[in-house]
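Read off the chains here:
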Amino acid sequence: MSLAGKDKHSSGSGFRRRLAEMLELPKEVVFNLPVIQALGNEEISVTNYKGLVEYNEQYVRISAGTGIIQLEGVRLILRQVTAEHITVSGRVKKIEFLN
Amino acid sequence: MFLKLLNFIRGYVVVAVSGFSAERFINLAARRSIYLWDAVRDEGRLRISCSIKGFKLLRYCSKKSGCKLRIVHKAGLPFILFRYKKRRFLMLGFAAFIGLAIYLTSFIWLVTVDGNERLETKALLDKLAEMGVSSGNHKSGLVLRDIERALMAAFPEIVWVNLDIKGTRARLSVVEGIVPPRPVETGQPCDIVAAKDGIITSMATELGRPMFQPGDVVKAGDVLVSGEVVVGSDEYGFTSYFVRASSVVLARRYYEYNFEVPLAYVIKSFTGNVKRNYGIILFDRQLFLENSKSPYLNYDIVSSENRLHFGEDYPLPAVWFENNYREFIPITVRRSLEEAKIMSRTIVNARILRELPVDTEITDMEFYYVVDKDVLYVSAVVTAVENIGVQVGLGRPGPAMNNEQ
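S.K.: Please give an account of the overall build of chain A that cites residues and values.
M.R.: Per the secondary structure count, chain A includes two helices and six strands. Helices and strands in chain A line up, N terminus first, as α-α-β-β-β-β-β-β. The buried share of chain A, reckoned over its 99 residues, is 36%. Restricting to contacts in chain A with at least 6 residues of sequence separation, those with at least 24 account for 38%.

Here you go:
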């Protein structure tokens, strides 16, 4: 992941970043970042996602502000799907950020 | 748990999504804020749950994403209700059942009284029934506090009362106190009047003018001690003043008891044969489940009752009872004359205890017997000495003391 901000999945320009840090604004709102919550290895909840890219029992790919979040596991199911967040449960082995 | 219950009440549909991109279908649905849950990949197809409302919107998503939708399972209350919608009479019966249950539980079916020791339960129940608290009465419109107050007024023995209607049971709890003696009307002049006939044996007069002497025969209603005390007389008449007469007037009285003691009597020898008979009392009607006739010629009935309850607070107007017919063989036994005479004394003593005032002194008892074939005729004369005087107001107005002027 690039830190310079040239990439389209980056977290915004240097000025916006400094401003957000100065004003202590919530970054997920300012930079449109996903919030990933993990309950052990059995439930991963992604808030502020863009869309579901792929879903099967082994892989769940979710596109978000930073790129694609790939979850790898066994017998994964989509526990909840709403416009704001998506909850995946099962036995999760890996959480990867793909760009 | 809670979410599952909510989903059940609102109803949901499990659909199978098949086609090129089920993910695209999910994204479209999520964008349209259709709530989806429990998505499972199942041999290439996707099985997913959504609400009934959401399902109607899913049609559009399936068309746009080129996926096929198939309903796998409908679950939840709306579908169950829909299934019974056509069975109109079942629903009607169900509604009638609930309505009837509500209607019937708005009555009082059982009234219980507790806490009374000297007051009779029946007297309390009668008074309650008078005010609308009885089996079969509607419980609405009863002002319990007013009824309590009325009970307190009707029974001065009650010092605390609580009436509570819970379900179909009305429970009256009372606490009895000791009735304070009626306040003595001091100052009000009165006579001592004979309550019964008798021969005076002694008079101990504290206040008042005695009208009789020991040895005199008096009749009920005679004034024994007058409250009018004469203090002087002249040509114009008497001068007197009135007092509250107070005297203990003992008189001898005779009581005669005539009765018979059978010399032959029957005892029951139970054979051990018992026939059970069950039945139910609905309201006040007895319904036997079997023939209520006894198979035996001579029998005793021992019955037990059990009120039917619908939970603790909902007694029903039905009592389950069991009658036991116990067969016996009557055996005639004879008692001797001596035994019969002893028995006659016991009977007389029991009647004296029951019928005569407590402070009565028994001075003599005489027995006269006539023996018949199977019966001993007894005539007992009891001589008793008792207080026959009662205070009776003069019935005429007047100052407590004197009218000298």
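S.K.: For the sheet that holds strand S5 (residues 110–114) of chain B, give the residues involved together with the corresponding values.
M.R.: Residue and element names in this part refer to chain B. Across the sheet, which stays open at both edges, the three strands sit in the order S5-S7-S6 with mixed pairing between neighbours. Since the sheet does not close on itself, it has two edges, and those belong to S5 and strand S6 (158–166), each with one partner. The mean angle between the axes of side-by-side strands here comes to 15°, regardless of whether they run parallel or antiparallel. Relative to strand S7 (residues 169–176), S6 is paired through eight bridges, and the arrangement is antiparallel. Pairing of Lys-166 across the sheet is with Arg-169, part of S7.

S.K.: Hey, could you go over the packing of helix H1 (residues 2–10) of chain B against helix H4 (residues 77–85) of chain B for me, with residue numbers and the actual values?
M.R.: Residue and element names in this part refer to chain B. Orientation of H1 relative to H4, taken along the N-to-C sense of each, is 30°, at an axis distance of 5 Å. Relative to H4, the element H1 lies roughly parallel. Contacts between H1 and H4 involve Phe-8, Ile-9 and Arg-10 on the former and, on the latter, Leu-77, Pro-78 and Ile-80. For the contact of H1 with H4, the per-class residue count stands at five nonpolar, no polar and one charged.

S.K.: Residues and numbers for the sheet that holds strand S19 (residues 315–334) of chain B, please.
M.R.: Residue and element names in this part refer to chain B. Taken together, the four strands give an open sheet; going across it, the order is S17-S16-S19-S18, and neighbouring strands pair in antiparallel fashion. Each edge of the sheet is formed by a strand with only one pairing partner; in this case those strands are strand S17 (285–288) and strand S18 (299–309). Put simply, the sheet's adjacent strands are angled 40° from each other on average, direction ignored. In the sheet, strand S16 (residues 264–282) pairs with S17 via four bridges, with the strands oriented antiparallel. By the bridge assignment, Gly-279 is partnered in S17 with Phe-288.

S.K.: A description of the pattern of salt bridges should follow, citing residues and the corresponding values.
M.R.: Residue and element names in this part refer to chain B. One pass over the structure, following the stated rule, counts 16 salt bridges over all chains. One salt bridge connects Glu-176 with Arg-118, and the closest N-O pair in it is separated by 3.8 Å. Of this pair, Glu-176 sits in strand S7 while Arg-118 is found in the loop between S5 and helix H6 (121–130), placing the two residues 58 residues apart along the sequence. Its salt-bridge partner being Glu-386, residue Arg-253 comes within 3.6 Å of it at the nearest N-O pair.

S.K.: For the packing of aromatic side chains, give the residues involved together with the corresponding values.
M.R.: Residue and element names in this part refer to chain B. Scanning the model with the defined rule gives eight aromatic pairs over all chains in all. Here Tyr-103 and Phe-107 contribute two aromatic rings whose centre-to-centre distance is 5.2 Å and whose plane-to-plane angle is 85°, an arrangement assigned as edge-to-face. Using a relative accessible area of 47% as the deciding quantity, one classes Tyr-103 as partly exposed. An aromatic cluster of at least three residues, connected via ring pairs, comprises Tyr-12, Tyr-35 and Trp-37. One Lys or Arg, Arg-326, reaches over the ring of Phe-270 and ends 4.5 Å from the middle of that ring.

S.K.: Can you lay out the side chain of Asn-27 of chain B for me, pointing to particular residues and giving the numbers?
M.R.: Within the secondary structure, Asn-27 of chain B sits in helix H2 (residues 22–31). Here Asn-27 of chain B falls in the buried class, since its relative accessible area comes to 17%. With residues up to four places along the chain from it excluded, the contact list for Asn-27 of chain B reads Gly-51 and Leu-52 of chain A.

S.K.: A description of the pairing of S18 of chain B should follow, citing residues and the corresponding values.
M.R.: Residue and element names in this part refer to chain B. Sheet analysis places S18 next to S19, joined by 10 bridges and oriented antiparallel. Paired with Asp-300 across the bridge in S19 is Arg-326. Linkage of S18 to S19, two consecutive antiparallel strands, is achieved through a turn of five residues, within which Gly-311 is found at a positive phi near 80°.

Criteria and thresholds
- Residues numbered from 1 in each chain as written.
- Chains lettered and ligands numbered in written order.
- Predicted model: local features only at pLDDT ≥ 70, side-chain atom pairs only at ≥ 80, totals over all residues.
- Heavy atoms only, no water.
- Helix = DSSP H or I, 4+ residues; strand = E, 2+ residues; numbered from the N terminus.
- Buried < 20%, exposed > 50% of the residue type's maximum accessible area, 1.4 Å probe, protein only.
- Contact = heavy atoms within 4.5 Å.
- Pairing = 2+ DSSP bridges.
- Axes fitted to C-alpha atoms, helices over the stretch in contact; angles between N-to-C directions.
- Parallel < 35°, antiparallel > 145°, perpendicular 65-115°, else oblique.
- Nonpolar A, V, L, I, M, F, W, Y, C, P; charged D, E, K, R; others polar.
- Salt bridge = Lys/Arg side-chain N within 4 Å of Asp/Glu carboxyl O.
- Phe/Tyr/Trp six-rings, centres within 6.5 Å; stacked < 30°, edge-to-face > 60°.
- Lys NZ or Arg CZ within 6 Å of the ring centre and 35° of its normal.

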